[in-house]
Amino acid sequence: MATIRVTERVSRPFSGSRVDREAGTISGVLLCGTSSANGRDYPADVLRRDYRAYEGRPVNCDHGREATVDRRLGWFTDVSPGPDGRPRGTLNLLKSHPMFDRVMEAAERNPSLYGFSHVAMCDTRRGRDGREVVEAIRAIESIDLVAEPATVKSLF
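Residues numbered from 1 in each chain as written. Predicted model: local features only at pLDDT ≥ 70, side-chain atom pairs only at ≥ 80, totals over all residues. Heavy atoms only, no water.

Judged by nonpolar contacts, the single largest core of 32 residues is most densely connected at I26, Y54, F76, L91, F116 and I137. Broken down by secondary-structure element, the contributors of at least two residues to this core are β2 (25-30), α1 (44-50), β5 (72-81), β6 (87-93), α2 (100-109) and β8 (132-146). (Core = buried A, V, L, I, M, F, W, Y, C linked by side-chain atoms within 4.5 Å. Buried < 20%, exposed > 50% of the residue type's maximum accessible area, 1.4 Å probe, protein only. Helix = DSSP H or I, 4+ residues; strand = E, 2+ residues; numbered from the N terminus.)

Encoded structure:
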């Protein structure tokens, strides 16, 4: 067995992302991953095909049974599939919301503090491995900012 020197680095870990406090936006935000801790898979081709369902949808703080004025934090625009098919977009925050500064600081200093989790209407089937497979994303009710996202590990 040979011993080799391996160097793995990412020169720009958040390439394509941009925090603009003045505009109240964060671009390059990851909206959904391909594998959920809840036992559900989102194939890249489904995310690539149905990404438009995320456009203009509201953002809430945390999941809840009802959308409330206090939980409403913003909305997403400029949603498109990334090279890997996962949807990315621009988070538009209400600058007057009490969470504005926290979310901006997290995006600038430690994006893994938060992530996004959607509430969606999806067509699904049971896969051979027993996991639920999403075949279509029909509608997005909201894309919620959460501390423990199931399909992503950070804002980016």
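From this point, the narrative continues.
Looking at the secondary structure, you find A150 in the segment after β8. In this structure A150 comes out as buried when scored by relative accessible area, which is 14%. Separated by 118 residues in sequence, A150 and C32 have C-alpha atoms that sit 8.8 Å apart.

Right, let's talk about the side chain of H118 for a bit. Locating H118 in the fold gives a position in strand β7 (residues 115-126). Judged by its relative accessible area of 13%, H118 falls in the buried class. At a separation of 3.0 Å, a polar atom in the side chain of H118 contacts the side chain of Y42. Within the structure, the side chain of H118 is placed 2.8 Å from the side chain of Y54, a separation counted as a polar contact. Residues in contact with H118, not counting those within four places in the same chain, are C32, Y42, Y54, H63, I140, S142 and I143. (Polar contact = N/O pair within 3.5 Å; in protein donor to acceptor, adjacent residues only side chain to side chain. Contact = heavy atoms within 4.5 Å.)

All right, on to unusual backbone geometry then. Notably, D62 is not glycine yet its phi reads approximately 65 degrees, a positive angle. Summarising the element assignment, D62 is placed in the loop between β4 (58-60) and β5. Classification of D62 by relative accessible area gives partly exposed; the value is 45%. Within the chain, D78 stands out as a residue other than glycine whose phi angle is a positive 55 degrees. Note on placement: D78 falls in strand β5. Look at D78 and you get exposed, because its relative accessible area is 57%.

Of all residues in the protein chain, 90% attain a pLDDT of 70 or more, and the chain-wide mean is 91. A low-confidence stretch, residues 3-14 (pLDDT under 50), is modelled with two contacts involving residues beyond four sequence positions or located in other chains. (pLDDT = per-residue confidence, 0-100.)

All right, on to the side chain of T151 then. Checked against the element boundaries, T151 lands in the segment after β8. Here T151 falls in the buried class, since its relative accessible area comes to 16%. Within the local environment of T151, its side chain forms a polar contact with the backbone nitrogen of G33, the two atoms lying 2.8 Å apart. Those residues within four positions of T151 in sequence are excluded, and the remaining contacts are C32, G33, S35, S36 and Y42.

The tally for this structure, following the rule as stated, stands at ten salt bridges. Ionic pairing is found between D101 and R21, a salt bridge with its closest N-O pair at 3.3 Å. Taken together, the residues D101 in helix α2 and R21 in the loop between β1 (18-20) and β2 connect sequence positions 80 residues apart. In this structure R21 comes out as partly exposed when scored by relative accessible area, which is 32%. Across the pair R21 and E108 runs a salt bridge, and its minimum N-O distance is 3.0 Å. (Salt bridge = Lys/Arg side-chain N within 4 Å of Asp/Glu carboxyl O.)

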